[in-house]
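# Commentary on secondary and tertiary structure
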Amino acid sequence: DTAVSQTPKYLVTQMGNDKSIKCEQNLGHDTMYWYKQDSKKFLKIMFSYNNKELIINETVPNRFSPKSPDKAHLNLHINSLELGDSAVYFCASSQDWQTPLGPYEQYFGPGTRLTVT
Amino acid sequence: AQTVTQSQPEMSVQEAETVTLSCTYDTSESNYYLFWYKQPPSRQMILVIRQEAYKQQNATENRFSVNFQKAAKSFSLKISDSQLGDTAMYFCAFMKGGVSGATNKLIFGTGTLLAVQP
């Protein structure tokens, strides 16, 4: 059973287009995230949602808009795609924020490789 | 702001030998957590090991162990009896402690590509 799934796994599109990446988790988690891994493999958080509420927004351009229809889904919509948006986008989820004993583990999806030409 | 530095872009080790990957971090926080993640060629991010800053004892998980030096802000990963399946990119990561969702983000280093040679 796939815990965190993303569709599509690969996405090739042209500059200026609008595209969406979907993420679903079947772990019953309350918190979901989007991370971006650039061409140099550097990973950086973009957004975090907890129970459909935006918690973290890491100064990402307005062209990126996350949407959480329910707590099992967190989609990423990107408008007016640019060459620099080419990257691997990872969705992740965790049970909640943190316990007194520390953070819950974040489970990552397989990633979506976005190529903008 | 917190930063995580991995100074070894690439490393190589022979199968069955031991290798240590380095990581240093910078923070003014007293409550935080450190992690090592593995990213094999499949691209999947896998948690290898975690360390709570308040714990003096170094974490271990089977063949993986850490050397956590809090004063030096150093967090190295030792892989014993290296196996071909350990070939992957390894990322060191930091998370601030607390009960706010805003703190629940992983801050990653730039990664070390480890190749295990037969």
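So, here's what we can say about the structure.

Cut-offs and rules
- Residues numbered from 1 in each chain as written.
- Chains lettered and ligands numbered in written order.
- Predicted model: local features only at pLDDT ≥ 70, side-chain atom pairs only at ≥ 80, totals over all residues.
- Heavy atoms only, no water.
- Helix = DSSP H or I, 4+ residues; strand = E, 2+ residues; numbered from the N terminus.
- Rg over C-alpha atoms; globule rule 2.2 N^0.38 Å.
- Buried < 20%, exposed > 50% of the residue type's maximum accessible area, 1.4 Å probe, protein only.
- Contact = heavy atoms within 4.5 Å.
- Pairing = 2+ DSSP bridges.
- Disulfide = S-S within 2.5 Å.
- Axes fitted to C-alpha atoms, helices over the stretch in contact; angles between N-to-C directions.
- Buried area = accessible area lost by both parts, 1.4 Å probe.
- Salt bridge = Lys/Arg side-chain N within 4 Å of Asp/Glu carboxyl O.
- Polar contact = N/O pair within 3.5 Å; in protein donor to acceptor, adjacent residues only side chain to side chain.
- Nonpolar A, V, L, I, M, F, W, Y, C, P; charged D, E, K, R; others polar.

### Some thoughts on the overall build of chain A
- Tallying secondary structure elements over chain A gives 0 helices and 13 strands in all.
- Element order for chain A, N to C, with α for helix and β for strand: β-β-β-β-β-β-β-β-β-β-β-β-β.
- Computed over its C-alpha atoms, the radius of gyration of chain A comes to 14 Å, within 12% of the 13 Å expected for a compact globule of 117 residues.
- Its C-alpha atoms give chain A principal-axis dimensions of about 45 × 30 × 30 Å.
- Out of the 117 residues belonging to chain A, those deemed buried represent 47%.
- Contacts in chain A between residues far apart in sequence, at least 24 positions, make up 56% of those at least 6 positions apart.

### Some remarks on the pairing of strand β9 (residues 87-94) of chain A
Residue and element names in this part refer to chain A.
- Across the 8 residues that make up β9, a large majority, 8, are buried.
- Of the two faces of β9, the one holding Ala87, Tyr89, Cys91 and Ser93 and the one holding Val88, Phe90, Ala92 and Ser94 are both buried throughout.
- In the sheet, strand β4 (residues 31-37) pairs with β9 via 7 bridges, with the strands oriented antiparallel. Paired with Lys36 across the strands is Tyr89, a residue of β9.
- As paired elements, β9 and strand β13 (residues 112-116) share 3 bridges and run antiparallel to each other. By the bridge assignment for β13, Ala87 is matched with Leu114.

### Some points on the state of the cysteines
- One pass over the full model with this rule turns up 2 disulfides over all chains.
- The partner cysteine of Cys23(A) in its disulfide is Cys91(A), sulfur to sulfur 1.8 Å. Across the S-S bond of Cys23(A) and Cys91(A) the torsion is about -75°, and the bridge reads as left-handed. With Cys23(A) in strand β3 (residues 19-25) and Cys91(A) in strand β9, this residue pair connects regions lying 68 residues apart in the sequence.
- Classification of Cys23(A) by relative accessible area gives buried; the value is 1%.
- With relative accessibility at 0%, the residue Cys91(A) sits in the buried group.
- For Cys23(B), the disulfide goes to Cys92(B), at an S-S distance of 2.0 Å. The chirality of the disulfide connecting Cys23(B) with Cys92(B) is left-handed, given an S-S dihedral of about -70°. In this pair, Cys23(B) sits in the loop between β3 (19-21) and β4 (24-26) while Cys92(B) sits in strand β10 (residues 88-96), placing the two residues 69 residues apart along the sequence. Here Cys23(B) matches Cys92(B) in class, with each residue buried.

### So, the sheet that holds β3(A)
Residues and elements named next belong to chain A.
- Sheet architecture is open: 4 strands sit in the order β1-β3-β8-β7, paired in antiparallel fashion. Where the open sheet ends on each side, the last strands, each with one partner, are β1 (4-7) and β7 (64-70). Recorded for the sheet is a direction-independent mean angle of 20° between the axes of neighbouring strands.
- Summarising the sheet, β3 and strand β8 (residues 73-78) pair through 4 bridges and their orientation is antiparallel. In the sheet register, Lys19 faces β8, and the bridge partner there is Ile78.

### Here we look at the interface of chain A and chain B
- Of the residues lining the interface, 30 residues belong to chain A; the matching set on chain B comes to 28 residues.
- For the chain A and chain B pair, buried surface summed over both sides reaches about 2,300 Å², with 52% attributable to carbon and sulfur atoms.
- Joining chain A to chain B, the criterion identifies 1 salt bridge.
- In this structure, Glu58(A) engages Lys105(B) in a salt bridge whose closest nitrogen and oxygen atoms are separated by 2.7 Å.
- One can count 7 residue pairs in polar contact (both at pLDDT 80 or more) joining chain A with chain B.
- Those elements that provide at least two residues to the side of chain A that touches chain B are β4, β5 (43-50), β6 (53-57), β9, β11 (102-103) and β13 of chain A.
- A breakdown of the residues in the side of chain A that touches chain B according to their chemical character gives 15 nonpolar, 8 polar and 7 charged.

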